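# Descriptive structure summary
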Amino acid sequence: MTGAPERLRVVATARSFCAADGPHQRIVRDAGIELVLAAGDDPLDAPTLARLAADADGLILGLDRCDERVFAAAPRLRVVARYGVGTDSVDLDAARRHGVSVTNTPGANTVAVAELTLALMLALARDLPAAVAGMHGGGWQRRRGWELAGKTLGLIGLGRIGCAVAERARAFGMRVLGHDPYATAPEGVEQVELAALWARSDVISLHVGLDPSTRHLIDRDALAQCRPNAVLVNTARGGLIDEAALAEALRAGRLAGAAVDVFESEPPAQSPLLAVPNVIATPHLGATTREAAQLMGVAAATDVVAVLTGGTPRHLVTAPSEPRRSP
Ligand code: NAD
């Protein structure tokens with residue numbers, strides 16, 4: 001005789017998903033699914049996540065490393081929901097092989113990341129961190145800044161966030177170039193090859209996902225082609241930049257400044273960028289707004305419940321080659 005089927009269990013590690021009860025958590029509980037909140041301070045490594053996932057049917061993940069070790073340790077797992085857009089922290093091939101669906105929350109954090117990008121551009125232009133630190137230290141020094149108006153912005157990636165940045169930058173009076181081999185440039189954005197983007201941009205901003213083809217897109221060669229007075233903003237993924245090459249270019253004055261929200265390794269204890277004075281660094285907070293958290297939470301929870309109850313998820317990144325078992 002077999003016992004009653006075990007209750008479905010979803011483990012959430014995404015910090016803002018766990019932080020407060022709300023519609024996002026209720027969507028899971030109201031479906032009769034147990035919700036385990038397991039957020040840590042930093043993204044979890046694969047062995048830690050594997051232990052948490054051992055008896056989970058679904059995972060709602062922040063930037064935790066989810067690879068073969070996690071899938072192999074979690075025989076019941078049927079869905080991994082990335083609370084965010086980028087899926088570079090999840091081994092999608094391993095998910096497919098193990099019969100696990102992967103979902104994400106595209107669009108939910110577009111405005112949040114686009115607004116942070118503009119904030120970083122403005123902070124670079126007016127050297128705001130130095131001005132604020134100076135005031136707190138009792139100083140009263142003014143550094144001469146520059147204006148976004150009339151400058152040329154080069155966007156790499158014209159997807160949701162790239163286009164939202166373009167729209168806002170145009171409102172600031174910027175000329176906007178874009179490079180995206182897979183998208184049509186929106187109105188007001190001139191699609192150019194990378195060489196032209198490096199050569200013409202006063203501000204370069206990255207909005208592509210990280211995969212083997214985009215890793216170290218900003219390398220020594222690219223940096224050598226940029227204008228010495230240009231600044232670089234990265235709110236996409238740290239691995240898009242060769243951090244050592246960028247640090248070297250900034251120190252040598254081959255680039256005027258950089259603002260980075262994301263790092264090759266997070267938290268970035270070893271990043272050479274943190275020791276460079278003309279770098280503004282933020283702790284991967286692009287999507288961290290109240291509004292984005294609510295949208296991402298509801299989207300992730302809805303898709304996890306859909307997969308576990310036999311429905312159709314709205315944002316499937318990859319479907320399993322063969323589902324583990326029917327719901
Ligand atoms: P998106 O899929 O809408 O846009 C990505 C765009 O990149 C697409 O248009 C695609 O055609 C283009 N692209 C792919 N390869 C390219 C290449 N080699 N050169 C130029 N363009 C290329 O995604 P999105 O919602 O705009 O998000 C973009 C990225 O931002 C995400 O992949 C994620 O890594 C990052 N992100 C960061 C944060 C944060 O907290 N800082 C939050 C959300 C997203």
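A separate point is the side chain of T13. Looking at the element boundaries, T13 is found in the loop between β1 (9-12) and α1 (15-19). On the accessibility criterion, T13 (4% relative accessible area) is buried. Dropping the residues within four chain positions of it, T13 is found in contact with C18, A38, A39, G40, L44, L49, L52, I60, L61, G62 and D64.

With that settled, consider the pattern of salt bridges. Throughout the structure, instances matching the rule amount to 14 salt bridges. With a shortest N-O distance of 2.7 Å, R96 and D93 are connected by a salt bridge. Residue R96 and its partner D93 are located together in helix α5 (residues 92-97), separated by three residues, close to a single helical turn. Classification of R96 by relative accessible area gives partly exposed; the value is 31%.

With that settled, the discussion passes to helix α12 (residues 290-308). Along its 19 residues, α12 runs 27 Å from first to last C-alpha, staying within 8% of the 27 Å computed at 1.5 Å per residue. With its phi angle positive at about 85°, G310 sits one or two positions after the end of α12.

Neighbouring the ligand are 25 residues; R160, I161, D180, T235 and D261 lie closest to it. Between an oxygen atom of the ligand and a main-chain N or O atom of R160, the distance comes to 2.9 Å. In the model, a nitrogen atom of the ligand is placed 2.9 Å from a nitrogen or oxygen of the T235 main chain. Its free accessible area being 860 Å², the ligand has 85% of it covered by the protein chains. Its residues assigned to classes, the shell around the ligand comprises eleven nonpolar, ten polar and four charged.

Our next topic: the sheet that holds strand β6 (residues 152-156). Strand pairing in a sheet is mediated by backbone hydrogen bonds. Such pairs are either parallel or antiparallel. Pairing within the open sheet is parallel, and its seven strands lie in the order β8-β7-β6-β9-β10-β11-β12. Of all strands in the sheet, those with a lone pairing partner are β8 (189-191) and β12 (279-281), marking the two edges. Each adjacent strand pair in this sheet contributes to an overall mean axis angle of 20°, direction not counted. As paired elements, strand β10 (residues 231-234) and strand β11 (residues 257-260) share four bridges and run parallel to each other. Each bridged residue has a counterpart across the sheet, and for N234 the counterpart in β11 is V260. Of the strands in this sheet, β6, β7 (175-179) and β8 are in contact with helix α8 (residues 160-171), which crosses β6 at around 175°.

Domain boundaries assigned for the protein chain yield domain 1 (9-108 + 289-318) and domain 2 (110-281). A straight line from the C-alpha centre of domain 1 to that of domain 2 covers 30 Å. At the interface, twelve residues of domain 1 touch seven residues of domain 2. Buried area between domain 1 and domain 2, summed over both chains or domains, comes out near 710 Å², and the portion from carbon and sulfur atoms is 54%. Taken as a group, L63, D88 and G107 account for 48% of the area that domain 1 buries against domain 2, more than any other trio of residues on that side.

Before going further, it helps to spend a moment on the sheet that holds strand β4 (residues 79-82). Strand order in this open sheet of six strands is β2-β1-β3-β4-β5-β13, and the pairing throughout is mixed. Strands with a single pairing partner mark the edges of an open sheet, and in this sheet they are β2 (34-37) and β13 (316-318). Taking the axes of each pair of neighbouring strands and ignoring which way they run, one obtains an average angle of 25° across the sheet. With three bridges joining them, β4 and strand β5 (residues 101-103) adopt parallel strand pairing. Residue pairing across strands places V80 opposite V102, the latter belonging to β5. Relative to the sheet, helix α2 (residues 23-30) contacts β1 and β2, its axis offset from that of β2 by approximately 140°.

Rules used throughout
- Residues numbered from 1 in each chain as written.
- Predicted model: local features only at pLDDT ≥ 70, side-chain atom pairs only at ≥ 80, totals over all residues.
- Heavy atoms only, no water.
- Helix = DSSP H or I, 4+ residues; strand = E, 2+ residues; numbered from the N terminus.
- Buried < 20%, exposed > 50% of the residue type's maximum accessible area, 1.4 Å probe, protein only.
- Contact = heavy atoms within 4.5 Å.
- Salt bridge = Lys/Arg side-chain N within 4 Å of Asp/Glu carboxyl O.
- Expected span 1.5 Å × (residues − 1).
- Near = heavy atom within 4 Å.
- Polar contact = N/O pair within 3.5 Å; in protein donor to acceptor, adjacent residues only side chain to side chain.
- Areas by Shrake-Rupley, 256 points an atom, 1.4 Å probe, with all protein chains shown as cover.
- Nonpolar A, V, L, I, M, F, W, Y, C, P; charged D, E, K, R; others polar.
- Pairing = 2+ DSSP bridges.
- Axes fitted to C-alpha atoms, helices over the stretch in contact; angles between N-to-C directions.
- Domains from an automatic or database assignment.
- Buried area = accessible area lost by both parts, 1.4 Å probe.

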